[in-house]
Amino acid sequence: MKVFEEFAGEVIKHAIQEQESSSSIYYEELIRTGVTVLPSGFTEEQINRLKDKVKLVYQKQILEIDQESLALIGDENVVRSLLEYDSTFLDLVFEANLINFVQEIFKGLFVLIYQNGVFNYPEQNKQELYKWHRDLNYQHWVASKPLAINALLCLDHFDEHTGGTEFLPNSHMFEKFPSNQFVIRNKTQVKAKPGDWIVMNSMLFHKTGVNNTSNPRFGINQMFAVPFVNQYISLGNHFTHNKLSKYIDSYGEDFVGAVLGETWKSADSAYDWRMNKINKVLGSNK
Ligand SMILES: O=C(O)CCC(=O)C(=O)O
Ligand SMILES: [Fe+2]
């Protein structure tokens, strides 16, 4: 049947009255299955440069805190908060294809929760990421709309050889993790190329695949969420207006401030909270 449909170039239907009119196949895939692969606008050269920079940031980080100590908290081989160390990584946050897609998903405003480099080393499977998990850890409920999404920029090929991300389709729609038998029969591996974004609902169960090549596989994982999910590192603190000007020119100051979490910081007191709002109203009435 499948072969025939493909050959005919059309989808053959019976007694179907209603059909989704998909304006964006990426959006439809994300909503229905929990995951999609979206191309980015990065060139091969930019991707290679980003890969070098991820390695450099990790070198800096293991000088700050040694690998043994990182292992104590299960955080070795994760490059935490890349943009904090090198503002080039802001380009990933505001990459046009992705940011437009994230806007389409959330409709309203959203915040960058984190941006981490991930290494998948050959024959190494002790990290947390090799275990089935939700990126919104410890959450066991479902929501009718995405509350958080993860966008993983592939810096290498993601496939059955390199250990492409494995996921359980539609598992963001169920509170419980499925049976082992279900997992074994239904797990699916992402196929993506360098420069692609793997975008998934952060409640989708997934894990890093096993890398059978002799080279590490690199990616950069960003989480965006509705504003009531907390950043665990204040990302906006690290940039001067000057550093942000290129993104402000494209998207406006309010939007850039919101994405980096500046808009949602807790005020220190009721007085401060009120005064911030009053000053904002007075400013916009000028
Ligand atoms: O490396 C992968 O394939 C997935 C990474 C991941 O699950 C994560 O960063 O949370
Ligand atoms: Fe994950």
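Everything that follows concerns the structure shown earlier in this document.
This report concerns the structure included in the present document. (Residues numbered from 1 in each chain as written. Chains lettered and ligands numbered in written order. Predicted model: local features only at pLDDT ≥ 70, side-chain atom pairs only at ≥ 80, totals over all residues.)

## A few points about the nonpolar core
Ranked by internal contacts, the top residues of the largest apolar core, which has 56 residues, are I198, V199 and F224. Among the elements that line this core, the one with the most residues is strand β4 (residues 148-154), at six residues. Excluding its chain neighbours within four sequence positions, the residues that come into contact with V199 are L30, V35, T36, L38, F101, I149 and A151. (Core = buried A, V, L, I, M, F, W, Y, C linked by C-beta atoms within 7 Å. Buried ≥ 20, exposed ≤ 12 C-beta atoms within 10 Å, placed from the backbone. Helix = DSSP H or I, 4+ residues; strand = E, 2+ residues; numbered from the N terminus. Contact = placed C-beta atoms within 7 Å.)

## A look at the site of ligand 1
Neighbouring ligand 1 are V118, N120, L129, D135, T165, H206, T208, G219 and N221. For the shell around ligand 1, the elements supplying multiple residues, two or more each, are β3 (111-120) and β9 (217-225). For the shell around ligand 1, a count of residues per class yields two nonpolar, six polar and one charged. (Near = placed C-beta within 6 Å. Nonpolar A, V, L, I, M, F, W, Y, C, P; charged D, E, K, R; others polar.)

## Let's talk about the environment of M223
By the secondary structure assignment, M223 is in strand β9. Judged by the 20 C-beta atoms lying within 10 Å of it, M223 is buried. Sequence separation between M223 and L152 is 71 residues; the distance between their C-alpha atoms is 8.6 Å.

## Focus on helix α7 (residues 96-106)
Taken residue by residue, α7 has L98, I99, F101, V102 and I105 as its buried positions. The arc that holds the buried residues of α7, viewed along the axis, is 160 degrees, so those residues lie on one side. Seen from the buried face of α7, the exposed residues on the opposite side, beyond 90 degrees, are A96 and N100. Just past α7, the residue K107 takes up positive phi, approximately 65 degrees. (Arc of directions from axis to C-beta.)

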